[in-house]
Amino acid sequence: MELAELRRVFARQMLALADVWDNKRLEDAFAHVPREKFLGRGRWHILTPWSLQNYANNGDPALVYQDVVIALDEERGVNNGSPSLHARWLDEVAAGPGDRVAHIGAGTGYYSAIISEIVGPEGHVIAVEYDADCAARARENLSERRNVDVVHANGCDWPKDEVDIVYVNFAIPRPADPWIENLKPGGRLIFPLGVPSTTRSHGRSLNGVTIMVTRLEDGYAASSSYPVSFVFAEGLTPEPSEEEIRNLYRSLKRGGWEGVKSLVWKQAADSAECWYVGSDWALSYNAITS
């Protein structure tokens, strides 16, 4: 099978695993972007649920077209994450032609490239990466994509201007201000709300939940439906307090995030009506009413 054919089969499989059945633009994006280009040279450390010690020493690109996590920086636990998860997320945020997207935690750029395919030449992707080495690799990998700008910076400081979508790829105990305040009306944010993982399991332990936020005229609708595993944020200023981490950990352990309907931002919230209450924000069970 030629690689182009393999990528098309891979794309269909990832969308099927994500329960996405009618998104041709997303399928085409997964089919067109060569994943192996973003993994570096040499042996690839392919992480599967049944083994964490699979090394592809021969550089055969066919091995990466499956729903597996691939290590980018083993010491820091940074990976090229699950394609089926990203297929589900990108369908949920309804990325489309012309969208302006801030990809926060872009790694070496694989999912930035997929987003750039989806938004097309009229759209724009700001790929923000904190780690200098990953940012340099992303800049090289994405250099031919005119609708992508790579920024080496702290993702909690971006985007600087309004965007249609903020797409975050690291766990964090609180959404950063720009992610909320620079959403356009109707804009969507998706991020992993989470705590530091206690083990280096490379994606097998769950340390957070997916939070989806949509900016409406009268507030922020929100939802959460499933747990996820992501590397925890680096360079947080101020750092979250131990009490904040403990409170979020207790909420995650308790469950019940499926009932979240809105995000309360920079105002008081009644804890009796919320799944989780932070210092100046909350996830509420109350829906936004106009």
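See the structure above.
First things first, this report covers the structure right here in the doc. Just so you know, these numbers come straight off a predicted model, no measurement behind them.

What follows covers the environment of glutamate 217. With respect to the helices and strands, the residue glutamate 217 is situated in the loop between strand 10 (208-216) and strand 11 (219-223). Sequence-wise, glutamate 217 and proline 159 are 58 residues apart; in three dimensions their C-alpha atoms are separated by 21 Å.

Attention now goes to the side chain of serine 116. Inspection of the secondary structure assignment puts serine 116 in helix 4 (residues 110-119). Residue serine 116 is classed as buried on the basis of its relative accessible area, which comes to 3%. Looking at serine 116, its side chain comes within polar contact range of the side chain of arginine 145, at 2.8 Å. If near-sequence neighbours (up to four positions away) are discounted, serine 116 is found in contact with Val125, Arg145, Asn147 and Val148.

Our next topic: the layout of surface pockets. A volume near 310 Å³ is recorded for the second largest pocket. Around the second largest pocket sit 17 residues that line it, and Cys156, Arg174, Leu236, Thr237 and Pro238 are the ones nearest its centre. Grouping the amino acids of the lining of the second largest pocket by side-chain chemistry returns nine nonpolar, three polar and five charged.

Turning our eyes to something else, we now look at the side chain of histidine 124. Structurally, histidine 124 is set in strand 6 (residues 124-129). When its relative accessible area of 17% is taken as the criterion, histidine 124 is described as buried. The residues contacting histidine 124, other than those within four sequence positions of it, are Asp99, Arg100, Val101, Val119, Asn147, Val148 and Asp149.

Let's shift gears to the packing of helix 2 (residues 24-32) against helix 4. At a minimum axis distance of 9 Å, the contact between helix 2 and helix 4 shows a crossing angle of 135°. Our classification of the angle between helix 2 and helix 4 gives oblique. Along this stretch, helix 2 crosses helix 4, giving a crossing that reads as right-handed. The residues of helix 4 that touch helix 2, namely those facing Arg25, Leu26, Ala29, Phe30 and His32, are Tyr110, Tyr111, Ile114, Glu117, Ile118 and Val119. Each residue belonging to the contact of helix 2 with helix 4 can be placed in one class, and the counts come to eight nonpolar, one polar and two charged.

Regular strands place their side chains on alternate faces of the sheet. Here strand 13 (residues 262-265) shows two buried faces, one formed by Ser262 and Val264 and the other by Leu263 and Trp265. Pairing of strand 11 with strand 13, which is carried by two bridges, proceeds in the antiparallel orientation. Of the residues in strand 13, the one forming a bridge with tyrosine 220 is leucine 263. In the sheet, strand 13 pairs with strand 15 (residues 281-284) via four bridges, with the strands oriented antiparallel. Its bridge partner being in strand 15, leucine 263 is matched across the sheet by leucine 283.

So, on to helix 5 (residues 132-141). Residues of helix 5 that are buried include every one of Cys134, Ala135, Arg137, Ala138 and Asn141, and no others. For helix 5, the angular spread of buried residues about the axis comes to 165°, placing them on one side. The elements touched by buried residues of helix 5 are strand 3 (69-73), strand 6 and strand 7 (148-152). The N-cap of helix 5, judged by a side-chain oxygen 3.2 Å from the amide nitrogen of aspartate 133 a few residues on, is aspartate 131.

Below, the discussion takes up the packing of helix 3 (residues 83-92) against helix 4. Interhelical geometry of helix 3 versus helix 4 gives an angle of 35° and a closest axis separation of 12 Å. The chirality of how helix 3 crosses helix 4 is right-handed. Across from Pro83, His86 and Leu90 in helix 3, the residues of helix 4 making contact are Tyr111, Ile114, Ile115 and Ile118. The residue inventory of the contact of helix 3 with helix 4, partitioned by class, reads six nonpolar, one polar and no charged.

Turning to the packing of aromatic side chains, a few remarks are in order. For the coordinates displayed, the defined rule picks out 11 aromatic pairs. With a centroid separation of 5.6 Å and 85° between ring planes, the pair formed by tryptophan 89 and tyrosine 167 is classed as edge-to-face. Taken together, the positions of tryptophan 89 in helix 3 and tyrosine 167 in strand 8 (residues 163-168) put the pair 78 residues apart, joining distant regions of the chain. Both residues of the pair, tryptophan 89 and tyrosine 167, belong to the buried class. Linked through ring pairs, Trp257, Trp275, Tyr276 and Trp281 together constitute an aromatic cluster.

Along the polypeptide, valine 68 turns up in the loop between strand 2 (51-56) and strand 3. Along the backbone, valine 68 and leucine 236 are 168 residues apart, and their C-alpha atoms lie at a distance of 29 Å.

Rules used throughout
Residues numbered from 1 in each chain as written. Predicted model: local features only at pLDDT ≥ 70, side-chain atom pairs only at ≥ 80, totals over all residues. Heavy atoms only, no water. Helix = DSSP H or I, 4+ residues; strand = E, 2+ residues; numbered from the N terminus. Buried < 20%, exposed > 50% of the residue type's maximum accessible area, 1.4 Å probe, protein only. Polar contact = N/O pair within 3.5 Å; in protein donor to acceptor, adjacent residues only side chain to side chain. Contact = heavy atoms within 4.5 Å. 1 Å grid on protein atoms, 1.4 Å probe; cavity = no way out; pocket = protein on both sides within 12 Å on 5 of 7 lines; lining within 4 Å. Points joined across faces, edges and corners; volume = space filled by probe spheres on them. Nonpolar A, V, L, I, M, F, W, Y, C, P; charged D, E, K, R; others polar. Axes fitted to C-alpha atoms, helices over the stretch in contact; angles between N-to-C directions. Parallel < 35°, antiparallel > 145°, perpendicular 65-115°, else oblique. Left-handed = near helix turned anticlockwise from the far one by under 90°. Pairing = 2+ DSSP bridges. Arc of directions from axis to C-beta. Phe/Tyr/Trp six-rings, centres within 6.5 Å; stacked < 30°, edge-to-face > 60°.

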